[in-house]
Amino acid sequence: MIEITKIREFTDKELDGELKKMKNELFNLRFQHVTGQLENPIRMRDVKRDIARIKTVIRENELAREQATG
């Protein structure tokens, strides 16, 4: 799991890259789960939560930019 304080330090480009990486990992975990090869199903939950954290920070950054300009 990635700490929220570390995620907040990422740039927009790093956030997008990390989000794509996490979505790809979740896809692979789901594939392993369906084929019965997943050893740690809790990892799926952790990746979903990391994705949610990253999306939250992206949205916070968008709102902060809107407030700064408007």
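Conventions we followed
- Residues numbered from 1 in each chain as written.
- Predicted model: local features only at pLDDT ≥ 70, side-chain atom pairs only at ≥ 80, totals over all residues.
- Heavy atoms only, no water.
- Helix = DSSP H or I, 4+ residues; strand = E, 2+ residues; numbered from the N terminus.
- Buried < 20%, exposed > 50% of the residue type's maximum accessible area, 1.4 Å probe, protein only.
- Contact = heavy atoms within 4.5 Å.
- Axes fitted to C-alpha atoms, helices over the stretch in contact; angles between N-to-C directions.
- Parallel < 35°, antiparallel > 145°, perpendicular 65-115°, else oblique.
- Left-handed = near helix turned anticlockwise from the far one by under 90°.
- Nonpolar A, V, L, I, M, F, W, Y, C, P; charged D, E, K, R; others polar.

> Tell me what's going on with the environment of Lys20, and back it up with residues and numbers.
Summarising the element assignment, Lys20 is placed in helix α2 (residues 12-35). Between the C-alpha atom of Lys20 and that of Ile51, which follows or precedes it by 31 residues, the distance is 9.1 Å.

> Could you give an account of the side chain of Glu18, with specific residues and numbers?
Along the chain, the position of Glu18 falls in helix α2. Among the residues examined, Glu18 registers a relative accessible area of 14% and is labelled buried. Once residues within four sequence positions are removed from consideration, Glu18 is found in contact with Ile2, Phe10 and Ile54.

> Account for the packing of α2 against helix α3 (residues 42-69), with residues named and values stated.
In contact at an axis separation of 9 Å, α2 and α3 are set at 155° when each is read in the N-to-C sense. As judged from the angle between their axes, α2 and α3 are roughly antiparallel. Of the two elements, α2 crosses α3, and the hand of that crossing is left-handed. Across from Asp12, Leu15, Asp16, Glu18, Leu19, Met22, Lys23, Glu25, Leu26, Leu29, Arg30 and His33 in α2, the residues of α3 making contact are Arg43, Met44, Val47, Lys48, Asp50, Ile51, Ile54, Lys55, Val57, Ile58, Asn61 and Arg65. A class-by-class count of the residues in the contact of α2 with α3 yields eleven nonpolar, two polar and eleven charged.

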